[in-house]
Amino acid sequence: MGKMRTQSAPWRAAAVLASVLLVGGVAACGNSDTGGGAKDDGKITMGFSQVGAESGWRTANTTSIKESAAAAGIELKFDDAQQKQENQIKAIRNYIQQKVDVIAFSPVVESGWDTVLKEAKDADIPVILTDRSVDSADKSLYKTFLGSDFVKEGRLAGEWLVEQKKSATGPVNIVELQGNTGAAPANDRKKGFGEAIAVNPNLKIIASQPGDFTRAGGKQVMEQFLKANKQIDVLFAHNDDMGLGALEAITAAGKVPGKDITIITVDAVKDGMQALADGKFNFIAECSPLLGPQLMDLAKKVHAGEEVPARIETEETTFTTEQAKEALPNRKY
């Protein structure tokens, strides 16, 4: 994106006068669309609270946001919550105190946000949810959600498995590596996958446990699955990193990943795509982390008081081994 055009002095003076004249009406509404009252120097300030740095996906997401803010001429105040909701709430309150123009964040979990989001609303600071949603009944607490359809990702993974196992005459034992407990992608991917495989009673999830979206978590939980279950036919991991960790456990157990155990993951980061191209993974449903450009565009629109859709979904696809081989040379993350 190009830099924002600098406002001329006369135009700015008129804008300030108009703001003064309109302030009574805005206060009466209690929810201005134009941000938190920071000094109008023509530059938008965004406060962004990131979940953490738990995976290759998250690292790519952070890079996209930082680079896109710089390209869009938006001043970014960035905070890493280190996977803790209390850290995100503290960061959001700090942004409110600093009177940023826009707040954006990727919620660690879905619930428990109403109080702090109400504080942002009362301060007339618009909020944009990125990547993960919240379960608040009050949709006026945030302007829009930008991200993926996690239920669809889980459903695509399940539908692929149903097709692959349509000729199975006996039980197909599935283990599931979930993301963080209470996180939207974990809840929704589990839901979509479960709904998709329900059409074939032979497909059974025999164990499901959180691996916290990390390689270490994926390895540790997969080790437990292998010890507790004599026959595992399929692994569904809620992200590539847990799947990559599980590869170590599967190999150490003397099994061949991708052959002895069919492996399905979500994300399509470079390391995951390489594992797919190598035949260690069998299928990946994509979840793009490159949300930065769209987020900055939305920030400009909500700051200007423009109406935006309540939900904006990123376009994504799926990959088989052959498709991964074709896509890898040009993969950006």
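Before reading further, recall that the structure is shown in the block above.
All figures in this text were calculated on a predicted structure; none of them were measured in a lab.

Conventions we followed
Residues numbered from 1 in each chain as written. Predicted model: local features only at pLDDT ≥ 70, side-chain atom pairs only at ≥ 80, totals over all residues. Heavy atoms only, no water. Helix = DSSP H or I, 4+ residues; strand = E, 2+ residues; numbered from the N terminus. Buried < 20%, exposed > 50% of the residue type's maximum accessible area, 1.4 Å probe, protein only. Contact = heavy atoms within 4.5 Å. Areas by Shrake-Rupley, 256 points an atom, 1.4 Å probe, with all protein chains shown as cover. Polar contact = N/O pair within 3.5 Å; in protein donor to acceptor, adjacent residues only side chain to side chain. Expected span 1.5 Å × (residues − 1). Pairing = 2+ DSSP bridges. Phe/Tyr/Trp six-rings, centres within 6.5 Å; stacked < 30°, edge-to-face > 60°. Lys NZ or Arg CZ within 6 Å of the ring centre and 35° of its normal. Axes fitted to C-alpha atoms, helices over the stretch in contact; angles between N-to-C directions. Salt bridge = Lys/Arg side-chain N within 4 Å of Asp/Glu carboxyl O.

Asker: I'd love a proper account of the overall build of the protein chain, names of residues and values included.
Answerer: The helix and strand inventory of the protein chain stands at 11 helices and 12 strands. Taking all 333 residues of the protein chain together, the buried fraction comes to 50%. For the protein chain, restricting intrachain contacts to residue pairs at least 6 apart in sequence, the fraction spanning at least 24 positions comes to 76%. For the protein chain, the exposed surface amounts to about 15,300 Å²; the carbon and sulfur share of it is 50%.

Asker: Which residues make up the side chain of Glu286, and what values go with them?
Answerer: Position of Glu286 among the secondary structure elements: in strand S10 (residues 283–286). Polar side-chain contacts of Glu286 include one of 2.9 Å to the side chain of Arg331. Polar contacts involving the side chain of Glu286 include one to the side chain of Tyr333, which spans 3.1 Å. Apart from residues lying up to four places away in sequence, Glu286 is in contact with Glu153, Asp267, Ala268, Glu316, Thr317, Thr318, Phe319, Arg331 and Tyr333.

Asker: Quick one: what's the story with the side chain of Asn200, residue by residue and with numbers?
Answerer: Within the fold, Asn200 resides in the loop between helix H6 (184–197) and strand S7 (203–210). Given the relative accessible area of 12%, Asn200 is considered buried. A distance of 2.9 Å separates the side chain of Asn200 from the backbone nitrogen of Asn202, its partner in a polar contact.

Asker: Help me get a handle on helix H7 (residues 215–228), residues and values and all.
Answerer: Between its first and last C-alpha atoms H7 spans 20 Å; for 14 residues at 1.5 Å apiece the expected length is 20 Å, and the two agree. In this fold, the buried residues of H7 make contact with strand S6 (172–178), S7, strand S8 (234–237) and helix H8 (240–252).

Asker: Give a detailed account of the sheet that holds S8, specifying residues and quantitative values.
Answerer: Read from one edge to the other, the open sheet built from six strands follows the order S7-S6-S8-S9-S10-S12, with strand pairing classed as mixed. Only two strands of the sheet have a single partner each, and these edge strands are S7 and strand S12 (318–319). In this sheet, S10 lies alongside strand S9 (residues 262–267) in parallel orientation, the contact comprising four bridges. Following the sheet pairing, Ile264 is matched in S10 by Phe283.

Asker: Describe the packing of aromatic side chains, listing the residues and the values that go with them.
Answerer: In the structure shown here, the tally under the stated rule is four aromatic pairs. Relative to Phe78, the ring of Phe48 lies with its centre 5.9 Å away and its plane at 15 degrees, an arrangement referred to as stacked. In this pair, Phe48 is assigned in strand S1 (residues 45–50) and Phe78 in strand S2 (residues 75–80), connecting sequence segments 30 residues apart. Look at Phe48 and you get buried, because its relative accessible area is 0%. Between Trp160 and Phe283, the aromatic rings sit 4.9 Å apart at their centres with planes inclined by 15 degrees, giving stacked as the arrangement. Separated by 123 residues along the polypeptide, Trp160 in helix H5 (residues 150–164) and Phe283 in strand S10 bring together distant segments of the chain. Just above the ring of Phe78 sits the side chain of Lys66; from NZ or CZ to the centre is 4.5 Å.

Asker: Which residues make up the sheet that holds strand S5 (residues 144–147), and what values do they have?
Answerer: A sheet is described by the order of its strands in space; here six strands give the open sequence S2-S1-S3-S4-S5-S11, paired in parallel fashion. The sheet terminates laterally at S2 and strand S11 (311–313), the two strands that pair on one side only. Taking the axes of each pair of neighbouring strands and ignoring which way they run, one obtains an average angle of 20 degrees across the sheet. In this fold helix H10 (residues 292–303) packs onto S1, strand S3 (102–105), strand S4 (127–130), S5 and S11, with an angle of close to 160 degrees to the strand it touches most, S4.

Asker: Outline the pattern of salt bridges, supporting the account with residue identities and numerical values.
Answerer: Here the structure, examined in full by the defined rule, presents 19 salt bridges. Salt-bridge contacts for Glu75 lead to Lys77; the nearest nitrogen and oxygen are separated by 3.7 Å. Of the residues examined, Glu75 reaches a relative accessible area of 35% and is grouped as partly exposed. A relative accessible area of 27% means that Lys77 is categorised as partly exposed. One salt bridge in this structure joins Arg215 and Asp241, with 3.2 Å as the shortest N-O distance.

Asker: Explain helix H9 (residues 270–277) to me, using residue names and the numbers behind them.
Answerer: Since the α-helix packs 3.6 residues into each turn, any two residues three or four apart lie on the same face. Looking at H9, one finds that the buried residues are Gly272, Met273, Ala275, Leu276 and Ala277. One or two residues past the end of H9 sits Gly279, with phi positive at roughly 85 degrees.

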